[in-house]
Amino acid sequence: MSIRSTDVLIIGSGAAGLALALRLAPWCTVTVVCKADLDEGSTRYAQGGISAVLDAADSIEAHIDDTLIAGAGLCDPEAVRFTATHGPAAIGWLSEIGVAFTRQSGEPAAGSPYHLTREGGHSHRRVVHAADATGKAVSDALRDACRAHPRIELLERHMAVDLITRTGGQRGARSCRGAQLLDLDAAVMQTWHARSVALATGGASRVYLYTSNPEVATGDGIAMAWRAGCRVANLEFMQFHPTCLYLPAQGSRVFLISEAVRGEGGRLLLPDGTAFMAGFDARADLAPRDIVARAIDHEMKRLGIPCVYLDIRHRGAEFIRTHFPTIHAQCLAVGLDMTEQPLPVVPAAHYTCGGVVTDLRGRTDLQNLYAIGETAHTGLHGANRMASNSLLECLVFAESAANDILDRLPHLPRPGDSDLPSPSHPIRETGESITIRHNWMELRRAMWDYVGIVRNTERLQRAQRHVAVIRGEAEAQWANSPTIDPDLLELRNLATVAELIVRCALTRTESRGLHYTLDHPHPAPEALDSVLVPPNLPLPLHAMHWAD
Ligand code: FAD
Ligand code: SIN
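This report concerns the structure included in the present document.

Cut-offs applied
Residues numbered from 1 in each chain as written. Chains lettered and ligands numbered in written order. Predicted model: local features only at pLDDT ≥ 70, side-chain atom pairs only at ≥ 80, totals over all residues. Heavy atoms only, no water. Helix = DSSP H or I, 4+ residues; strand = E, 2+ residues; numbered from the N terminus. Rg over C-alpha atoms; globule rule 2.2 N^0.38 Å. Buried < 20%, exposed > 50% of the residue type's maximum accessible area, 1.4 Å probe, protein only. Contact = heavy atoms within 4.5 Å. Near = heavy atom within 4 Å. Polar contact = N/O pair within 3.5 Å; in protein donor to acceptor, adjacent residues only side chain to side chain. Areas by Shrake-Rupley, 256 points an atom, 1.4 Å probe, with all protein chains shown as cover. Nonpolar A, V, L, I, M, F, W, Y, C, P; charged D, E, K, R; others polar. Pairing = 2+ DSSP bridges. Axes fitted to C-alpha atoms, helices over the stretch in contact; angles between N-to-C directions. Salt bridge = Lys/Arg side-chain N within 4 Å of Asp/Glu carboxyl O. Expected span 1.5 Å × (residues − 1).

## Some thoughts on the overall build of the protein
Here comes step 1: Of the regular secondary structure elements, the protein holds 14 helices and 20 strands.
Here comes step 2: Against the 2.2 N^0.38 benchmark of 24 Å for 548 residues, the protein shows a C-alpha radius of gyration of 22 Å, consistent with a compact globule.
Here comes step 3: Projected onto the principal axes, the alpha-carbon positions of the protein cover approximately 70 × 55 × 50 Å.
Here comes step 4: In the protein, which comprises 548 residues, the share counted as buried stands at 61%.
Here comes step 5: Taking the intrachain contacts of the protein between residues at least 6 apart in sequence as the baseline, contacts between residues at least 24 apart amount to 75%.

Structure (structure tokens):
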């Protein structure tokens, strides 16, 4: 049996989790756990960059307006203003901890020492980047700073299984007191007590067959929060990135071709060389992502073609190699030279716009539980996230959650109450690995086929039935097995999130942003969030009105 304690337990080591750890560490002890290697998460693979107003010709108001437009009327204007306003300081902070953003060559543009690129939906050059490997630069700097900090404990291959909650205090308020973790190497369960817990577990795009996301993106934080009694919202808005490299023999993980390629002049073409985006939107190739992905889907279905093409040859080989060294090298490795030929591209699942409902401090419905980064639904993204607003959200909300945690910490009891559960299970394969593997694939295929870019009610209902069977089997396996299989844990979480996605999608009887359904092709007059309330959330809702 292993019982450990810390002031703040952070689950997830992406930009959100590590930024939160660094903000907290001067003042308290922090433990960061992650279920794979420290580096593994969507953050590391981010390409295009981070949006922030850094040019005197740009403005916070313009960043806000662009985000609101991309979000198709569903963003929370307060969350948008909060994020955009804190953007420049977030970039300054990253530079201080050592992120080497690409600088302007020659004279800096008005006010910005950095080269700023463009992406879909942005009316200005506003995306600061480290060539086309921004995520690696950010991830390396955050990791090195965390490793150097004596008060940050970093535990790799520790998978959070569930949150530990307790009911009590004012009005029967429920609070989070820690988490149960599975140490994947020692094969034992651990109980962690903490004064505050932060979910920074990233998104759930692995729920789809084809995705740009790494294997860890299985929606664990969303599922854990839901089971613990937190509301989730807007999960139907799963974002498909328009341009992932199409390789006929590829596996389920697809390589992203950054939107910055279109930002620097790349154009989408049909097989005969016709540029088609201007026929769909006045912003053509730089329209927001939902519009571009839908246009590609439309053309692929209309012409019966497996992909479209992205062409940036006209910028010249030197420009391409300088601005997109990673993408260029990756394509060369599979025999495609983007300096000489257009790249075959298709949309794939990329980003979870909805998530665990939070306020601007990252507070959830459960006292002492925070959610930040892609796991959270802050209201910033509305019905469609604007490119490069995600890393920004991770950084801005990590800081605001840290401030709130530090304000509250002196008033919270020390961790380590003996009346909390202390499970100790050995783990081994359940013997049902074939069923688990089969159900994984079936789930992801059903979501891909029935809950994709273009939806209808019949297909959503079909998905609901399939997902319910898979979820039922996963729950039964989970309940009946005396041992724990990490693959089963992930399947159970993915099936939970899939069910929530479909429920949100069926609730939305309109088309808006990323949710396009043939049965309701127009937006409703009023834009409303689809909020799901878990059965165990005490009513009346006292979300975020924590008893302090
Ligand atoms: P992640 O970075 O995904 O980290 C999740 C962490 O949670 C990992 O450490 C994982 O191990 C851990 N975890 C998950 N479940 C558990 C569990 N049960 N127990 C313990 N640990 C767990 N956004 C931009 O703004 N700009 C870009 O240019 C950009 N490019 C992108 C390119 C690609 C290919 C991808 C996939 C995404 C891109 N995004 C971009 C989106 C952005 O990278 C992510 O939204 C963001 O990095 C999410 O950060 P995060 O900290 O929330 O989660
Ligand atoms: C990209 O580089 O196209 C990804 C940017 C993002 O997802 O914000």
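That was the structure; now back to the text.
## Considering the site of ligand 2
Here comes step 1: Taken together, the neighbourhood of ligand 2 is formed by Gln 47, Gly 48, Glu 119, His 241, Leu 256, Ser 258, Glu 259, Arg 289, His 350, Arg 385, Ala 387 and Ser 388.
Here comes step 2: Interatomic distance of 2.7 Å between a side-chain N/O atom of His 350 and an oxygen atom of ligand 2.
Here comes step 3: Between ligand 2 and Arg 385, the relevant distance is 2.8 Å, taken from an oxygen atom to a side-chain nitrogen or oxygen of the residue.
Here comes step 4: Computed on the free molecule, ligand 2 has an accessible area of 260 Å², of which 93% lies beneath the protein chains in the complex.
Here comes step 5: Tallied by class, the residues present in the shell around ligand 2 amount to 2 nonpolar, 6 polar and 4 charged.

## Examining the sheet that holds strand β12 (residues 267–269)
Here comes step 1: Read across the sheet, 4 strands follow the order β11-β14-β13-β12 without closing on themselves; strand pairing throughout is antiparallel. The open sheet terminates on both sides in strands that have one partner only, identified here as β11 (238–245) and β12. Each strand axis lies, on average, 45° off the axis of its neighbour in the sheet, ignoring direction.
Here comes step 2: Examined bridge by bridge, β11 and strand β14 (residues 343–352) share 6 bridges and lie antiparallel to one another.

## A few points about the pattern of salt bridges
Opposite charge on two side chains lets them pair, provided their charged atoms get close.
Here comes step 1: Counted under the stated rule, the structure contains 34 salt bridges.
Here comes step 2: For Glu 61, the salt bridge identified is with Arg 81, shortest N-O distance 2.9 Å. Placement of Glu 61 in helix α3 (residues 60–70) and of Arg 81 in helix α4 (residues 77–96) is noted, with a sequence separation of 20 residues between them.
Here comes step 3: Accessibility expressed as a relative area gives 40% for Glu 61, which makes it partly exposed.
Here comes step 4: The class for Arg 81 is partly exposed, based on a relative accessible area of 39%.
Here comes step 5: The network of salt bridges with common partners includes Asp 39, Arg 44, Lys 136, Asp 140, Arg 143 and Asp 144.

## Some details on the environment of Ala 186
Here comes step 1: Structurally, Ala 186 can be placed in the loop between β8 (174–183) and β9 (188–199).
Here comes step 2: Of the residues examined, Ala 186 reaches a relative accessible area of 46% and is grouped as partly exposed.
Here comes step 3: When the C-alpha positions of Ala 186 and Arg 157 are compared, they lie 9.7 Å apart, and in sequence the two are 29 residues distant.

## Here's the deal with the sheet that holds strand β3 (residues 50–51)
Here comes step 1: Across the sheet, which stays open at both edges, the 3 strands sit in the order β3-β5-β4 with antiparallel pairing between neighbours. Here the strands that pair on one side only, and so sit at the sheet edges, are β3 and β4 (116–117).
Here comes step 2: Across 2 bridges, the pairing between β3 and strand β5 (residues 127–128) is antiparallel. Each bridged residue has a counterpart across the sheet, and for Ile 50 the counterpart in β5 is Val 128.

## A look at helix α5 (residues 134–147)
Here comes step 1: In a regular helix each residue adds 1.5 Å, so 14 residues correspond to 20 Å; α5 covers 20 Å between its end C-alpha atoms and thus fits that length.
Here comes step 2: The elements touched by buried residues of α5 are α1 (15–24), α2 (42–45), β3, α4, β5 and β6 (152–155).

## Thoughts on the site of ligand 1
Here comes step 1: Near ligand 1, the surroundings consist of 40 residues, among which Thr 43, Gly 49, Asp 220, Glu 374 and Ser 390 are the closest.
Here comes step 2: Measuring from an oxygen atom of ligand 1, one finds a backbone N or O atom of Ser 42 at 2.9 Å.
Here comes step 3: Between ligand 1 and the protein, one listed contact pairs a nitrogen atom with a backbone N or O atom of Ala 160 at 2.8 Å.
Here comes step 4: In isolation ligand 1 exposes 1000 Å². Once the protein is present, 98% of that is buried.
Here comes step 5: With 4 residues, helix α11 (residues 389–408) is the single largest residue contributor to the shell around ligand 1.
Here comes step 6: Across the shell around ligand 1, the residue classes tally to 16 nonpolar, 19 polar and 5 charged.

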